[in-house]
Every structure is written in structure tokens, then in C-alpha cells.
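The residues making up each chain are set out below.
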Amino acid sequence: MSNAESSTSRRFPAHDDNRDHEIESLAEFDRVVTAGSLAGHRVQSVDLTDRTFALLSTDTTESVFLGCVMEPDAAAKIRAGGSLVFPPVPDLPFDPYRGSLYGPDELFAQLAETGYDATPDARAYHWYQETKSDGDIFCSMLRSIHDDAVSDALDEHLAGAQVVGIMGGHALRRDGADYAGAARLGRRLTRDGLTVATGGGPGAMEAANLGAYTAPFEDGMLDAALERLAKAPHFTESITEWARAAFAVRQDRPGGGASVGIPTWFYGHEPPNVFATHIAKYFVNAVREDGLLARSNAGVVFLPGAAGTVQEIFDNATPNYYGSRGEPTPMVLVNREHWTETLPTWPLLRALAADRPMAARIALVDSVDEAPEALSRLRSGTVS
């Protein structure tokens, strides 16, 4: 280890996993200051403009401030003590240092007044389009910092949860039977105590998040929501009207069930759906894809899809085959005709699993209504 590396590791040591050194809100900041010291803490994207006295009078040794607004004298004092201050970046449509996941209201702010193109989600996509190929290391660094911050927030949110991934294409229309089936699946799995996670976009992904949202309500609530959503059946016709219809459902029945959506600005033409209550949106699609599958510790249900869903099947199969994440997790493919004839993925998956532990963790079912029982069977280790 070089002298510089040794010096840095002494000043900013790794912390024990069982201690929380991250401060992500003003309330947390005040609580820590009251306890007497900010030493060794990481403060993420907190407006500290009104906490100058606390910053000047509290020990901030070995602390790191990421995107925190503060008065110049407070920042100077922190730096003088050898700690790090990463200032906010002006004129960005996103916060690269954010300490929490997105919510639909944040990503779709201004939708009702001016339409989708003025929302933070659309503006972040436009920024990405403008900067992704210009070779500017500063912009690529901002994207990386943002995605790492989102991953950190996602891990905190899902700690201790049993997460089931539901994968499927974006092309499903809201007025179709397959969309309704995916929604019933999300509702059933949420009622079973699992946390539904999807790719966070339209189509089958939205349907599964919708089902999770309707889980606490009477069964008829989902039927009413489907009828209302059918009036704006697909996002390609108008993202603004597509999103407004979904917000109308939420506003009529607030307080729905929680679920996670993990979309990407790489596919920025696909907007995130508003039924995922917690949204981990990424710039880098590879990080998003692998992260979604890796966090689906209770298994993954694959609805009919095209190239993206096929890729997800084998992205999930690879660690199951090699055991690189421990015991293989369940994989349930829905629609026998689709996965054996239209896109014959099942025969290859079954051949790959032969004589491997993952063989007892894969299943093919005819309909979406069979998926919950198949998933439960695979999770319990029962082979039919």
C-alpha cells in the first residue's frame, strides 16, 4: 500500500456494517448532532443552510458531505479539519448524491400542469441523451455516482425483504387480458407477503406494480382500475395521458400497497410507471438489470416477452448455474406456447439446468394464475 493510500485509509476508515454512519435527512442530522459528534459520518444531500452553528461547533473529523447545501464558512471549517465536502452540482435535472429512492410524484412533477416533457424524468433523459456520447468524464462520473447512490438506497429499502421479481415486456396494452393477468399476479404475491419488484416501466411491469398497489383493497378495486386505465391503453399514444390516467387511479384510492420499480434512462422512451411506490432509476442499464435480478431473493417470474426478457432469463440462470450467489433461486416461466414455440427458451434452460442444483428451482406453467403456486413450491424445495 502506498503512503497516500495508507493516509487515506486512516482518515476515512471502513465502518462496521452494524453501525449506521449515513445521514440522509435533516432529522437524522439533528439527532446525531444532539448525540455530540458528526465524526466519521457520511451526510447525503441534506440542506444544511440553517445548521451553520451546529457544523461550526461539532466534531466533523473524517466526515464526508455529499451534495449538501451549506454556508461557505461551514464548508471551510469542515475542509480545514481534513474532511471532504462534495458540493451540489448546479443545473442538473437530478441529484447525483441522493440518499433515497425516487417516488412517482418526484419523477412526474409538473405533469398535471405542463405535461410529461417538463417532468424531472423527461429532463433527466434529455440530459443523458446530450451527454452520453460526448466523452466528458465529469458527466460520466455524475452518472456513476448517481447510480451508486441509488443502489445504496435500494439496499437500505429492501433490507430483510423477501423480493420476487416479475419480468415481462413493455408492449402489453392496458386493455388486454395479459395485462390483467400480470396485475392479478402482482396482487397475489403482495398479499402473500412478498415484495414485488419489476423493471419499473410500462406493460407487464406496470401491471405487476398496479397489482401490488391494489393488494390492500377489495378485489373490485383492481377491476375498476383496469377499466379506467383502458382509456389510455398505451404510452406510445401519449405519455402524458398514459401517466395522468394512472395518477387518477392513485388519487381516487391513495395508500396502496408498496412495490419496487427499477427502470432506466437508457430506455428513456419508456417512462417509469407510477404504481411502483419506490423507484430505483438508473442511467446504466447493465447495473439496473443485474441489480434487479440479484435482489430478487425469493425468485423471479418471467412473463411472455421478447429479447429483453430472454436476456433476463439467462442473466438470472447464469448465477443459478454456477452458484455464484449461493443457493439457486426459483425461476418460473409463464406461457408454455410462448417459451417452447414462439421463443423456445425453456428447452435450453432445462438442458442447462440438467444435473445441477438449479434443476429443482425452475418451472414452466401454462397461465399466470398458476405462477404463485409454482413459485411457492420451488421456494419450499418441493418438486412436482
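By the naming in an unreviewed UniProt entry, the protein chain goes by Rossmann fold nucleotide-binding protein and is assigned to Streptomyces mooreae.

Draft legend 1. Spotlight on the packing of helix H9 (residues 177–191) against helix H17 (residues 371–380). Two elements in contact, H9 and H17, have axes whose closest approach is 10 Å; the angle formed by their N-to-C orientations is 40°. Classified by the angle their axes make, H9 and H17 are oblique. Residues Leu 185, Arg 188 and Leu 189 of H9 touch H17, and the partners they reach there are Ala 371, Pro 372, Glu 373 and Leu 375. Looking at the contact of H9 with H17 residue by residue, the class counts come to five nonpolar, no polar and two charged.

Draft legend 2. Inspection of the pairing of strand E6 (residues 195–198) at higher detail. Two elements, strand E5 (residues 163–167) and E6, share four bridges in a ladder whose sense is parallel. Bridging across to E6, Gly 165 finds its partner in Ala 197. For the crossover that starts at E5, traverses H9 and ends in the parallel E6, the hand is right-handed. As defined by bridge partners, E6 adjoins strand E7 (residues 260–261) across two bridges and the pair is classed as parallel. For Ala 197, the partnering residue across the bridge sits in E7 and is Val 260.

Draft legend 3. Expanded view of the nonpolar core. Judged by nonpolar contacts, the single largest core of 91 residues is most densely connected at Leu 210, Leu 303, Val 332 and Leu 349. Other than its neighbours up to four places away in sequence, Leu 303 contacts Ile 166, Met 167, Gly 168, Ala 182, Leu 185, Ala 204, Thr 309, Val 334, Trp 339 and Val 368. In this structure, Val 33, Leu 38, Ile 78 and Val 85 belong to the second largest nonpolar core, which totals 17 residues.

Draft legend 4. Layout of the sheet that holds strand E3 (residues 64–66). Spatial strand order, E1-E2-E3-E4: four strands in an open sheet with parallel pairing. Sheet topology places strand E1 (22–23) and strand E4 (84–86) at the edges, where each strand pairs with a single neighbour. Here E3 runs beside E4; their pairing, made up of three bridges, is parallel. Counted as the bridge partner of Leu 66 is Phe 86 from E4.

Draft legend 5. Quick look at the packing of aromatic side chains. This structure, assessed with the given rule, holds 14 aromatic pairs. Relative to Trp 242, the ring of Phe 235 has its centre 6.2 Å away and its plane inclined at 65°; by these criteria the two rings are edge-to-face. Members of the aromatic cluster, joined through ring pairs, are Phe 94, Tyr 102, Trp 127, Tyr 128, Trp 265 and Phe 283. Across from the ring centre of Tyr 102, 3.7 Å away, lies the NZ or CZ of Arg 98, which sits over that ring.

Draft legend 6. Expanded view of the packing of helix H11 (residues 219–229) against helix H12 (residues 239–252). At a minimum axis distance of 9 Å, the contact between H11 and H12 shows a crossing angle of 150°. Between H11 and H12, the angle falls in the class roughly antiparallel. Considering only the axes of H11 and H12, their crossing is right-handed. Two secondary-structure elements touch here, H11 through Met 221, Ala 225, Arg 228 and Leu 229 and H12 through Ala 245, Ala 246, Ala 248, Val 249 and Asp 252. For the contact of H11 with H12, the residue count by class is seven nonpolar, no polar and two charged.

Draft legend 7. View of the sheet that holds E7. Strand order in this open sheet of seven strands is E8-E7-E6-E5-E9-E10-E11, and the pairing throughout is parallel. Each edge of the sheet is formed by a strand with only one pairing partner; in this case those strands are strand E8 (278–279) and strand E11 (362–365). When strand E9 (residues 300–302) meets strand E10 (residues 331–334), the two strands line up parallel, connected through three bridges. Across the sheet, residue Phe 302 finds its bridge partner in E10, namely Leu 333.

The rules behind each value
- Residues numbered from 1 in each chain as written.
- Predicted model: local features only at pLDDT ≥ 70, side-chain atom pairs only at ≥ 80, totals over all residues.
- Heavy atoms only, no water.
- Axes fitted to C-alpha atoms, helices over the stretch in contact; angles between N-to-C directions.
- Helix = DSSP H or I, 4+ residues; strand = E, 2+ residues; numbered from the N terminus.
- Parallel < 35°, antiparallel > 145°, perpendicular 65-115°, else oblique.
- Contact = heavy atoms within 4.5 Å.
- Nonpolar A, V, L, I, M, F, W, Y, C, P; charged D, E, K, R; others polar.
- Pairing = 2+ DSSP bridges.
- Right-handed = clockwise from strand over helix to strand, strands pointing away.
- Core = buried A, V, L, I, M, F, W, Y, C linked by side-chain atoms within 4.5 Å.
- Buried < 20%, exposed > 50% of the residue type's maximum accessible area, 1.4 Å probe, protein only.
- Phe/Tyr/Trp six-rings, centres within 6.5 Å; stacked < 30°, edge-to-face > 60°.
- Lys NZ or Arg CZ within 6 Å of the ring centre and 35° of its normal.
- Left-handed = near helix turned anticlockwise from the far one by under 90°.

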